[in-house]
Every structure is written in structure tokens, then in C-alpha cells.
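Structural characterization, general
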Amino acid sequence: RDHHPISIEDGYVRNTYMGVCQLPNSPHRRIDMKVYPRELAAFAMLYFTGSDHFNRSMRLYARNHGFHLSDKGLFRAVLDHQNQSITLGKMIPCATEREIFEQLGLQYK
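Residues numbered from 1 in each chain as written. Predicted model: local features only at pLDDT ≥ 70, side-chain atom pairs only at ≥ 80, totals over all residues. Heavy atoms only, no water.

Attention now moves to the environment of Met 18. Summarising the element assignment, Met 18 is placed in strand E2 (residues 12–21). Along the primary structure Met 18 and Lys 34 are separated by 16 residues, whereas in three dimensions their C-alpha atoms are 8.6 Å apart. Not counting residues up to four positions away in its chain, the partners in contact with Met 18 are Ile 31 and Asp 32. (Helix = DSSP H or I, 4+ residues; strand = E, 2+ residues; numbered from the N terminus. Contact = heavy atoms within 4.5 Å.)

Put simply, the chain has an average pLDDT of 85, and 83% of its residues get 70 or more. The element-level mean pLDDT for the chain is lowest in strand E1 (residues 6–9), coming to 54, with helix H3 (residues 97–103) highest at 97. (pLDDT = per-residue confidence, 0-100.)

As a further point, take the packing of aromatic side chains. All chains considered together, the criterion is met by four aromatic pairs. For the pair Phe 54 and Phe 101, a centre-to-centre distance of 6.4 Å together with 20 degrees between the ring planes defines the contact as stacked. In this pair, Phe 54 sits in helix H2 (residues 52–64) while Phe 101 sits in helix H3, placing the two residues 47 residues apart along the sequence. The exposure class assigned to Phe 54 is partly exposed, which follows from its relative accessible area of 30%. Seen from their ring centres, Phe 101 and Tyr 108 are 5.2 Å apart, and the 85 degrees between their planes marks the pair as edge-to-face. For Phe 101, a relative accessible area of 11% translates into the label buried. Here Tyr 108 falls in the partly exposed class, since its relative accessible area comes to 29%. Put simply, the rings of Tyr 36, Tyr 47 and Phe 48 touch in pairs and so form one group of aromatic residues. Above the face of the Phe 67 ring, Arg 76 is positioned so that its terminal group lies 4.0 Å from the ring centre. (Phe/Tyr/Trp six-rings, centres within 6.5 Å; stacked < 30°, edge-to-face > 60°. Buried < 20%, exposed > 50% of the residue type's maximum accessible area, 1.4 Å probe, protein only. Lys NZ or Arg CZ within 6 Å of the ring centre and 35° of its normal.)

A separate point is the pattern of salt bridges. One pass over the full model with this rule turns up one salt bridge. For Arg 30, the salt bridge identified is with Asp 32, shortest N-O distance 2.4 Å. The class of Arg 30 is exposed, set by a relative accessible area of 65%. Exposure remark for Asp 32: the relative accessible area of 41% places this residue in the partly exposed category. (Salt bridge = Lys/Arg side-chain N within 4 Å of Asp/Glu carboxyl O.)

If you want it as C-alpha cells, here you go:
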């Protein structure tokens, strides 16, 4: 069967591979590889290199300040009265993690 790990989401082509490997005399290890377009690289780096707690905290902070943050970008969010995101505005371009922090009004350390 021909399998191509390519998907199109939000107008972007994403390459994703999820698998398992094992070196000699070592336990099995899970491998997840994702390839993002350059304009999403900072968002992907922030999302995949931080701890779970850090990621949840960043997303909650963004949401509480009228944004939506994910590995797919930073967007201005229009919220309903229950604080549920109902529409997303245009993506706010950020080339670095520092720029993401700046857009959210946070100090980058």
C-alpha cells in the first residue's frame, strides 16, 4: 500500500511521521517528526520544545488576553460570553519565539 505522510491543514502542507525505533540493546523509542513551513517554525518550536505545563500556561495566558496560540500560529480571537473562541482573526506573523512573547506582552528570558 502506498502511504504518504502528508496532510493539508489550514492551507499548509504538513509532513508528519510517527514511528518507533530501537537501537541494539536499547528499549524501543517513539519518534515523532513534523515538518512545518518556515512561517510556522517559531510556533512549532515553542509548542514542541516546552514542557506540558509551560504549553498549557502559554495557551491559557494567550486565551485570557484575547488570542489563540498553537503550533499553527498566534491569532486574535473573538470570544463569546462564555470565553469560548468562536472565530479567529488573521495569523499574527512571528519569526522567533521572542516575537511570540512580545506579541503577547510577555518578557522573553
